[in-house]
Amino acid sequence: MAAALVNEFETERPHLLAVAYRMLGSRAEAEDVVQEAWLRYDRARVGGDEIRDVRGWLTTVTGRICLDVLKSARVRREAYPGQWLPEPIVSPQEDPAEQVAQRQEVSLALLVVLEKLTPEQRVAVVLHDVFAVPFEEIAEVLGTTVAAARQHASRGRRATAEGQARHTADVAEQRRVLNAFLAAAASGDLRALAAVLAPDVVAISDGGGVVSAGRNPVYGADKVARFVVGLLTRKARNLTVEPVLVNGAAGVVVRGDAFAVITAAISGDGRITALYSQLNPAKLASVGDGR
């Protein structure tokens, strides 16, 4: 019985991790949530509860736990030093199987704007729009009515559409634009750099208060170009750049005097609309030690 119970849960673990990560933007927090879901599942089954739809039951429980985490995380993130970015999911760009899997990942651009939603809106949007959970079950997760659950999703969807950076280029185009950006940045060519930046581009850096990073977003092509060149001028020694996929999009891992994962939102016209630089070592543990 015990082995069968474990196997039953482990079958659903990847799905539950995907649900929790999309809600929280943190792999570490997602893993903690899934572990708590396992404990609740084990208690329920050992206690004799009949669970006909294992995935549905576990998804609902995971959603409830995430809702509690989001409510407490809001307080912590309001006190976060500087800008908060999600923990990136990084994989090799040359692995075709991995690329197929990564296409299912939610982009950093979407995770960033999901962070602006209320906990209830985020849970409703993720469960319904990403995982097709019926509103009846979402209402149970939120402890509200079906009509209220629909309203949370509608408001969250509207806020997401209005706030998300334009990110419509395919991966090949993303890689071309990102390479042009990196080459211009390395040479200090402000004109070439500005040419691949959208006029309303925003650059967001997350250092977690541990490493040097911009405390506020930088807006506009000219300011972002100067910010990037100035940053490289200070840290460009002994750097290596490795092309990777970051949440299914083109990105790079920078190692050496600086350690960072960088990716961008890129529109269909070949312009960068948002630049995301994750430098917080606590969020890069899965990438390596920076050497």
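Residues numbered from 1 in each chain as written. Predicted model: local features only at pLDDT ≥ 70, side-chain atom pairs only at ≥ 80, totals over all residues. Heavy atoms only, no water.

An unreviewed UniProt entry annotates the protein as RNA polymerase sigma factor SigJ originating from Winogradskya humida. Annotation of the protein in UniProt includes, under Subunit (unreviewed entry), the sentence "Interacts transiently with the RNA polymerase catalytic core formed by RpoA, RpoB, RpoC and RpoZ (2 alpha, 1 beta, 1 beta' and 1 omega subunit) to form the RNA polymerase holoenzyme that can initiate transcription." Entered under Sequence similarities (unreviewed entry) in the UniProt record, the comment concerning the protein runs "Belongs to the sigma-70 factor family. ECF subfamily." (UniProt positions renumbered as here; feature names shortened; annotations may be inferred.)

## Some remarks on unusual backbone geometry
Its identity as a non-glycine residue notwithstanding, Ala132 has a phi of 55 degrees, on the positive side. Mapping Ala132 onto the fold places it in the loop between α6 (119–130) and α7 (135–142). Phi at Asn247 is positive, roughly 50 degrees, even though this residue is not glycine. Within the secondary structure layout, Asn247 lies in the loop between β4 (239–246) and β5 (249–256). Asn247 gets classed as buried once you look at its relative accessible area, which sits at 2%. (Helix = DSSP H or I, 4+ residues; strand = E, 2+ residues; numbered from the N terminus. Buried < 20%, exposed > 50% of the residue type's maximum accessible area, 1.4 Å probe, protein only.)

## Some details on the nonpolar core
Counting residues in hydrophobic clusters, the biggest one holds 49 residues, and the most contacted among them are Met23, Val123, Leu127, Ile138 and Tyr276. For this core, the leading source of residues is helix α3 (residues 54–78), giving six residues. Beyond its immediate stretch of four places on either side in the chain, Tyr276 contacts Leu85, Leu108, Ala109, Val112, Ala165, Ile204, Val261, Ile262, Thr263, Ala264 and Ala265. (Core = buried A, V, L, I, M, F, W, Y, C linked by side-chain atoms within 4.5 Å. Contact = heavy atoms within 4.5 Å.)

## Some thoughts on the packing of aromatic side chains
Under the counting rule described, the total for this entry stands at three aromatic pairs. Look at Phe9 and Tyr41: their rings are 6.2 Å apart centre to centre, the planes differ by 35 degrees, and that puts the pair in the tilted class. Taken as a pair, Phe9 in helix α1 (residues 2–24) and Tyr41 in helix α2 (residues 27–46) lie far apart in primary sequence, 32 residues in all. Relative accessible area serves as the criterion here: at 0%, Phe9 is assigned to the buried category. An aromatic cluster is defined as three or more aromatic residues linked by ring pairs; in this entry it consists of Phe9, Trp38, Tyr41 and Trp57. (Phe/Tyr/Trp six-rings, centres within 6.5 Å; stacked < 30°, edge-to-face > 60°.)

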